[in-house]
Every structure is written in C-alpha cells, then in structure tokens.
Amino acid sequence: MAGLVRTAAAARRPLAGAARAQWTVRQQPQQRRALSMAIKQASAVDADGVVRVSFADGHESSFHPVWLKDHNPDTLHPTSLQRQLDSATLDPETPLPDEVSVVDNGARVQVAWAADGERITFDADFLRRHCYDASALAERHERLAKMRTPWASKDLPKEAVTRVTGADLASSDDALRKVLQALVKDGVTIVTDMPSSIDETEAIVRRIGPPRETFYGGMWDTAPKAEGEVNDTAYTKDALHGHTDTSYLLDSPGLQIFNCVAQSDPTTEDGLNHEGEIEGATKLVDGFKVLDVLKNEYPETFEFFATTPLKWHCIEDGVFVKAWARVIEFEPGSTTAIKQFRYNSYDLSPVDYLAPEKVLDYYRHTKIINDLLRDPKYISYMRMNVGEMVIIDNHRVCHGRTAFSGFRNMVGCYIGRDDWLSKLRTLLPAEDNTLINDE
Ligand SMILES: [Fe+2]
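Model, not experiment: these values are computed from the prediction.

Bringing the overall build of the chain into the picture now. Each helix and strand counted, the chain has twelve helices and 20 strands in total. Expressed as a percentage of the 439 residues in the chain, the buried residues total 52%. Taking the intrachain contacts of the chain between residues at least 6 apart in sequence as the baseline, contacts between residues at least 24 apart amount to 74%. Accessible surface for the chain amounts to roughly 20,300 Å². Of this, 50% is attributable to carbon and sulfur atoms.

Attention now goes to the packing of helix 8 (residues 287-297) against helix 9 (residues 299-307). The contact between helix 8 and helix 9 brings their axes to 5 Å, and the two run at 120°. Accordingly, the angle class assigned to the pair helix 8 and helix 9 is oblique. Only P299, T301 and F302 of helix 9 make contact with helix 8, whose side of the interface consists of L291, L294, K295, N296 and E297. Of the residues in the contact of helix 8 with helix 9, the class split is four nonpolar, two polar and two charged.

This part takes up the coordination of the iron ion. Coordination of the iron ion by the protein involves H243 (NE2), D245 (OD) and H399 (NE2), with metal-donor separations of 2.1 to 2.2 Å. Counting gaps between the donor residues of the iron ion yields the pattern H-x1-D-x153-H. Taken individually, H243 and D245 each receive the classification buried, so the pair is uniform in this respect.

A few words now on the sheet that holds strand 3 (residues 60-63). With antiparallel pairing, three strands are arranged side by side in an open sheet as 1-2-3. Single-partner strands in this sheet number two, and they are strand 1 (39-45) and strand 3. Here the strands of the sheet are splayed against their neighbours by 20° on average, with no regard to which way each runs. Here strand 2 (residues 50-55) pairs with strand 3 via four bridges, running antiparallel. Looking at the pairing, V51 lines up with F63 of strand 3.

This part takes up the packing of aromatic side chains. Under the defined criterion, the tally for this structure stands at 14 aromatic pairs. On the numbers, 4.6 Å between centres and 40° between planes, the contact of F215 with Y216 is tilted. For F215, a relative accessible area of 30% translates into the label partly exposed. In this structure Y216 comes out as buried when scored by relative accessible area, which is 17%.

Next up on the list: the side chain of S380. You can see S380 is positioned in strand 17 (residues 379-382). Look past the residues within four positions of S380 in its chain and what remains in contact with it is W151, S153, L156, P157, T282, K283 and L284.

Once that is clear, we can look at the packing of helix 6 (residues 173-185) against helix 11 (residues 417-427). Where helix 6 contacts helix 11, the axes come no closer than 10 Å and their chain directions differ by 120°. Overall, the two elements helix 6 and helix 11 adopt an arrangement that is oblique. Both helix 6 and helix 11 take part in a crossing whose hand is left-handed. Listed contacts from helix 11 to D173, L176, R177, L180, Q181, L183 and V184 of helix 6 are W420, K423, L424 and L427. Classifying every residue of the contact of helix 6 with helix 11 by side-chain character gives seven nonpolar, one polar and three charged.

So, about the pairing of strand 3. Burial along strand 3 is one-sided: S61 and F63 are buried, and none of E60 and S62, which face the opposite way, are. In sequence, strand 2 turns back onto strand 3 through a hairpin of four residues, with G58 there showing a positive phi of about 95°.

With that settled, the discussion passes to unusual backbone geometry. Look at D104: it is not a glycine, yet its phi comes out positive at around 50°. By the secondary structure assignment, D104 is in the loop between strand 4 (99-103) and strand 5 (108-112). Owing to a relative accessible area of 47%, D104 belongs among the partly exposed residues under this scheme. A positive phi angle, close to 50°, is found at T246, a residue other than glycine.

All right, on to the sheet that holds strand 4 then. Each strand in a sheet pairs with another by means of backbone hydrogen bonds, the pair being arranged parallel or else antiparallel. Pairing is antiparallel across the open sheet formed by three strands, whose spatial order is 4-5-6. With one partner strand each, in any of the chains shown, strand 4 and strand 6 (119-123) form the two edges of the open sheet. Direction aside, the axes of adjacent strands within the sheet are offset by 20° on average. The pairing of strand 5 with strand 6 spans five bridges and is classified as antiparallel. Across the sheet, V111 pairs through a bridge with I120, a residue of strand 6.

Applying the stated criterion to the full structure yields 23 salt bridges. One salt bridge in this structure joins D116 and K69, with 2.4 Å as the shortest N-O distance. You can see D116 sitting in the loop between strand 5 and strand 6 and its partner K69 sitting in helix 2 (residues 65-70), a full 47 residues away along the chain. Residue R128 is joined to E139 by a salt bridge in which the shortest nitrogen-to-oxygen separation is 2.9 Å. One end of the pair, R128, is in helix 3 (residues 124-130); the other, E139, is in helix 4 (residues 134-146), with eleven residues separating them in the sequence. With relative accessibility at 7%, the residue R128 sits in the buried group.

Cut-offs applied
Residues numbered from 1 in each chain as written. Predicted model: local features only at pLDDT ≥ 70, side-chain atom pairs only at ≥ 80, totals over all residues. Heavy atoms only, no water. Helix = DSSP H or I, 4+ residues; strand = E, 2+ residues; numbered from the N terminus. Buried < 20%, exposed > 50% of the residue type's maximum accessible area, 1.4 Å probe, protein only. Contact = heavy atoms within 4.5 Å. Areas by Shrake-Rupley, 256 points an atom, 1.4 Å probe, with all protein chains shown as cover. Axes fitted to C-alpha atoms, helices over the stretch in contact; angles between N-to-C directions. Parallel < 35°, antiparallel > 145°, perpendicular 65-115°, else oblique. Nonpolar A, V, L, I, M, F, W, Y, C, P; charged D, E, K, R; others polar. Donors = N, O, S within 2.8 Å, 3.2 Å for Na, K, Ca; no water. Pairing = 2+ DSSP bridges. Phe/Tyr/Trp six-rings, centres within 6.5 Å; stacked < 30°, edge-to-face > 60°. Left-handed = near helix turned anticlockwise from the far one by under 90°. Salt bridge = Lys/Arg side-chain N within 4 Å of Asp/Glu carboxyl O.

Given below as structure tokens:
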C-alpha cells in the first residue's frame, strides 16, 4: 500500500518502540527454535563489491551492499512485518559498508556506512537462510527434494500409507502436521474412521484449508449418474486411467480429497473385475516417480514435456475453461527441481498448436508417458473401505480407479495449494518452512 511506503532516509530511523522484527514470517511458537547458524567471518571485498560471509557450516555467501540496505530488518512494520522501505529509493551502486563486524559470538553481523550513518544488524540465521548464490539455491532445492520420496507401486501399498483418524485430524495439530508432511513426502495420505455425511467431511477437511470452489461446487460426490446425465467420466462405473484433476484450470487445485462413503462388496468371487483388476479400487501413480523414469530412461520425452505446453479444456453447460500449460513445471530458478506434474489424457484439447515437425514427437512422447502411467509397476491399487478418506497431492500424484459394477460413492472436494502449504508452513520449524514451495 502506498501509504506504508517510507523513503530510504526515513527508513533509516528506527521505528519508535518497534521490537526487532523477524523478516520472514510471524513465528509460530514451535518455530522459535533458532538455526544456531554462527558466522565465522565477514568482510567487505573491494574487488568484487560485495560483503562476503563465511558460516560455521562451511558455506560462504556474498551480499551486495544494496541488498543489505534493502533487507534492513528495522525497516519492517513492527506488527504487519510488511516492507516500509521503497527499494526504488535505493542506489543499485550503493558503496560497500565502511565497517563489517561479527558480533555476539557469531550470532550476528553488523554493517555500517559512515556517509549516511546507517548501521544494520543481521542475524546469522537470516543471512544463511536467504543467501542467494547459486549453490545456496541448489542446496535448498536439494533439501526440498529430500523431503519427497517418489514411489513405485511396491514402495507404497495401501497399508504403508501414513494415516491418522478423522477424530485426531479434527482436534490435533500433531495429526494435522503428520497428514501435511505425508503429502510432501509421498503425495498421499489416508484418514480413517471418517463420518459419511458431506457436512461432517467438510468440517474435518477444513482443518487443512477451505474447500476450493469450482464449477463442480465446493463439496461434491462421485455417485454414478444416470445415462445421459454424465458430464464427466468420474460419474460412471468405468475404469479411469491415472490423471491429475482439472488440468484445464490455470491454477489447478493442490489437493484432491475422496472420502469413501459407499463401497459395494465385490461382485465376483475373486474380487476381480472383467479387466482382471481389483473391483472399484482407487489407482494412484506418483507422477514424480514417472518423471524420474522419464529423465533416466527417456530423456527426450522428459525434455519434450518440460518445454512444450499442452492444451487442455473442459466444456459443459455454462462452462468453457482451457489451460495451455507444461506437463512438467520446475521450481523457479531451477531446471531440475520439480514443482508440478500435470497430466490428464481425457481432457487434452485438439492438437492444433504444435508446429508440423513436432506433431509426431507429440504422439511418440505421449505414448511413452501414457504407457508409464498405466504400467502396474507404478500403480498402487487401494480399495477404499467406507470410512477411509484418501488425500492426494493433485500437483504430483495421479488418481484413477478400476471398473466396478456395484455402488461406490466418494464425497470429496479440492483444496488450494496456497491453503495447504500455508497451513503446513505454520506448523513446521523455521528451518523447514521456507523450503516448502519456496517460490
Ligand atoms: Fe479425477
């Protein structure tokens, strides 16, 4: 807001009565644990025009003088923590500070300029967490990657999925954190002992975030519709290949939730349907695992989907949405760290947007990715029982189902990526909360 902008000169004056503000986020009680990252050495380097800081963990970072002025923690609003310093008032050619000193046994560093009298104290943790050299960025992406465990079907059978009870999710932050961390690690989690009504389901899922309203509504169910009323294959008894939902939305929802409220007994003695699969089972495929396989075994296909936006659309009464987006989306600043996997073979638009010489590539690479997504090696079949609710990271894990002939109904909703990641960040210690989707 314009009214909050202060000039650089005004910002140099400490805010009256302002406590020294944390730059990043309001810290939750469990986040107050410091990183305890000490600074070993800090000095201005004339030749490079930067302040170089060596940390106790061996990392060395360089900071431009204008960056240091721009990140003066005393210029934040004391309660909103919003910026009050207008970066446009800063000189990109700000000279090196005249004084750089490590204080408080390495817990802080002070920089000072004689010309304008500005003196800034930075916490070592802050500088280490926000240093911006290429290796620091790569290190953050690596730490984020380590929080995720891409899985093939043998790695994540239903019994191995992290689970909590509905009652615990409704009342315990530990259970909520467990659910959200499982979504980062595996992209899927199960909540057991769930009630069956839409209202009670909504009350529990709201612990994660508000249901995301789309043209399907906020809360919905997947009960098969009568012939002629079907506006999406989800409302049939047919098998569905693994897909991410709403690939046709520019900001497709982050989570997909299915609470199993009706599941007929298998209609065959062996529980297998006419296609030889477990009847009425949810099929899950880890898109990040499939991308690992593509990268290692089909690098040209990986490259195609990382660089070629595809078109998806959905048309129904009063609705015509379309998105032109890449299957593989990287974290900002990275060409390796995956942010999102988007793929739905049912909603692909007519292929009228590729150069003629790329059309055959499209069919070659599409066949490869479809074959992988449908390979039982990567599909975890999870037949949900009544009272079991599966939560899926819709930016990573594909869901589908096997064909069934009885009655099956899932109550569900979407939740936005902003909302579930926000909730998770507030429940994590400080050293991890800036890593989650760190764009
Ligand atoms: Fe779906």
